[in-house]
Amino acid sequence: MAFSSVFSDPLSRCIFKKFVAMLCCLLISLYFLYFLTDSSTMPIPVKATGEDIGYLASDFKQWQSVRRKRLLQKIMSQPEQGMAGRNYYFNSGFTRTNNINGFPADGKDEGDQHYFSSAPRMPSFTNFDALAQRPILPGGTGSNSGNGKISLLGEGTKKLPQALIIGVKKGGTRALLEFIRVHPDIRAVGAEPHFFDRNYDNGLDWYRDLMPKTLEGQITMEKTPSYFVTREAPARISAMSRDTKLIVVVRDPVTRAISDYTQTLSKKPDIPTFESLTFRNRTTGLIDTSWSAIQIGIYAKHLENWLQYFPMSQILFVSGERLISDPAGELGRVQDFLGLKRIITDKHFYFNQTKGFPCLKKAEGSSKPHCLGKTKGRTHPNINPVVVQRLRDFYRPFNMKFYQMTGHLFGWDD
């Protein structure tokens, strides 16, 4: 009765209703404020002093660590074909215009073969906890062991290459590069830098700037086939890093010489015939070893120069012939040599009957099949069989020595 009598007065009831309404509004406001604070607010940062200048307050670091880890895990969870072009990739290091060093960003090798541009990819064994703990600096970048900067989105750093495809010209180096770049832990520059033969005076900083950005656990690579026959290249690469891994794609030297000539002929149709360039004296049958197409195929001679600076354990020889007949097998050896998980397998290739060599079912940064361009697999001119046999006789002793040095029988003299 007492409770009813208190609220029987209209003024009291009005005041009570307003009180209840205000209380409900306050509770709802607190509810929304709680969730907004949990998802979007940050502790006030404390500016650090010394070398690690940035926002390093412990609460702020912890918040950034969780946010970054969640984002990295989200990126990794995306399907491969759905990842290209997403806005969390930002700058991949490649564009379709000339870069500041004068290299075409969609690069061409000596056969004018375009390479695929792509965004950085997470390595298969990315340590999310390690990445998440890296400090964030103003502007959204962070330190990476003093070698560069890493953004909140993990775009990585530019490093000097840990592995090089050093040869040989017309041996299958472009195919190998395109194939190995399918691996998520490989990042390779497409254009041939020619640093250790033509551009060495530009310095290592210039060379590093050509490289794509890599994440922790990824390997930086480049290929320049002329390194193998450049006398100064072994010493220069050793000076950069004695731990550099070297890959050489070799091919039957006779077939390689004809392929080399075919490429030159496509650019200079008025050059002399293959036969006239092959012989210093046609009557005596003396081979002209000063012609580069012949000289490159003397593999044993060039290898001796490399072994003065690198042990055989740091050099992998890939068969250009098996790269065509069994690409997955040769790529398996390459992945093992580089210490990578065998991700590239038979399922990545199909054989193109028209071109006569394997193509990728899905190229790097693309969900579409890809074969090397028109400049690859050119039809060779008909060469006099007598000339071909003379060349085989010439190369035989060099091939035998090369087999002994490498411990591999490539079968070019069968």
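Here the residue numbers are simple positions, counted from 1 along each chain's written sequence. Reporting in this predicted model follows two pLDDT cut-offs: at least 70 for local features of residues, and 80 or more for side-chain atom pairs to be given and counted; totals over whole chains, interfaces and linings ignore these cut-offs and use all residues. Hydrogens and waters are ignored; side-chain quantities use all the structure's heavy atoms.

Draft legend 1. Seen up close, the overall build of the protein. Scanning the protein from N- to C-terminus turns up 15 helices and 14 strands. We call a residue buried when its accessible area falls under 20% of the maximum for its residue type, exposed when it is over 50%, and partly exposed in between, using a 1.4 Å probe and counting protein chains only. Buried positions account for 45% of the 414 residues belonging to the protein. Contacts: residue pairs with any heavy atoms within 4.5 Å of one another. Sequence-distant contacts in the protein: of pairs separated by 6 or more residues, those separated by 24 or more amount to 68%. When the accessible surface of the protein is summed, it comes to about 21,600 Å², and 56% of that surface belongs to carbon and sulfur atoms. By the criteria applied, helices consist of DSSP H or I runs no shorter than four residues and strands consist of E runs no shorter than two, each listed in order from the N terminus. To be clear on the numbers: accessible area is Shrake-Rupley with a 1.4 Å probe, and residue cover counts the displayed protein chains and nothing else.

Draft legend 2. Looking closely at the packing of aromatic side chains. Stacked, edge-to-face and tilted are the three classes for Phe, Tyr and Trp ring pairs, Trp counted by its six-membered ring, which pair at centre distances within 6.5 Å; planes under 30 degrees apart are stacked, over 60 edge-to-face, the rest tilted. Under the definition given, this model contains 23 aromatic pairs. A ring pair is formed by Y299 and F402, whose centres lie 5.4 Å apart and whose planes are at 55 degrees; its orientation type is tilted. Within this pair, whereas Y299 is found in helix α12 (residues 299-306), its partner F402 is found in helix α15 (residues 385-406), the two being separated by 103 residues in sequence. The exposure classification of Y299 matches that of F402, with both residues buried. Clustering of aromatic rings is evident, with ring pairs tying together F195, F196, Y200, W206, Y207 and Y227. Cation placement over rings: the criterion is NZ of Lys or CZ of Arg within 6 Å of the ring centroid and within 35° of the ring normal. One Lys or Arg, K245, reaches over the ring of F337 and ends 5.4 Å from the middle of that ring.

Draft legend 3. Region of the structure containing the packing of helix α9 (residues 253-267) against α15. Fitting a line to C-alpha atoms yields each axis, with helices limited to the stretch in contact; the angle taken between N-to-C directions then spans 0 to 180 degrees. Where α9 contacts α15, the two axes come as close as 9 Å, and the packing angle between them is 125 degrees. Classified by the angle their axes make, α9 and α15 are oblique. Facing P253, V254, T255 and I258 of α9, the residues of α15 in contact are V388, L391, R392, Y395 and N399. Residue classes follow a fixed rule: Ala, Val, Leu, Ile, Met, Phe, Trp, Tyr, Cys and Pro count as nonpolar, while Asp, Glu, Lys and Arg count as charged, and any other residue, Gly among them, counts as polar. Tallied by class, residues from the contact of α9 with α15 come to six nonpolar, two polar and one charged. Oblique is the label for every angle not falling under 35 degrees (roughly parallel), over 145 degrees (roughly antiparallel), or within 65 to 115 degrees (roughly perpendicular).

Draft legend 4. Fine view of the sheet that holds strand β6 (residues 186-188). Pairing within the open sheet is parallel, and its five strands lie in the order β6-β8-β5-β9-β12. Each having just a single partner strand, β6 and β12 (315-319) make up the two edges of the open sheet. Put simply, the sheet's adjacent strands are angled 25 degrees from each other on average, direction ignored. Where strand β9 (residues 245-250) lies against β12, five bridges are found, and the strand directions are parallel. If you follow V248 over to β12, its bridge partner there is F317. Set on the sheet, helix α14 (residues 327-337) makes contact with β9 and β12; between it and β12 the angle comes to about 170 degrees. Two strands are counted as paired when DSSP detects at least two bridges linking them.

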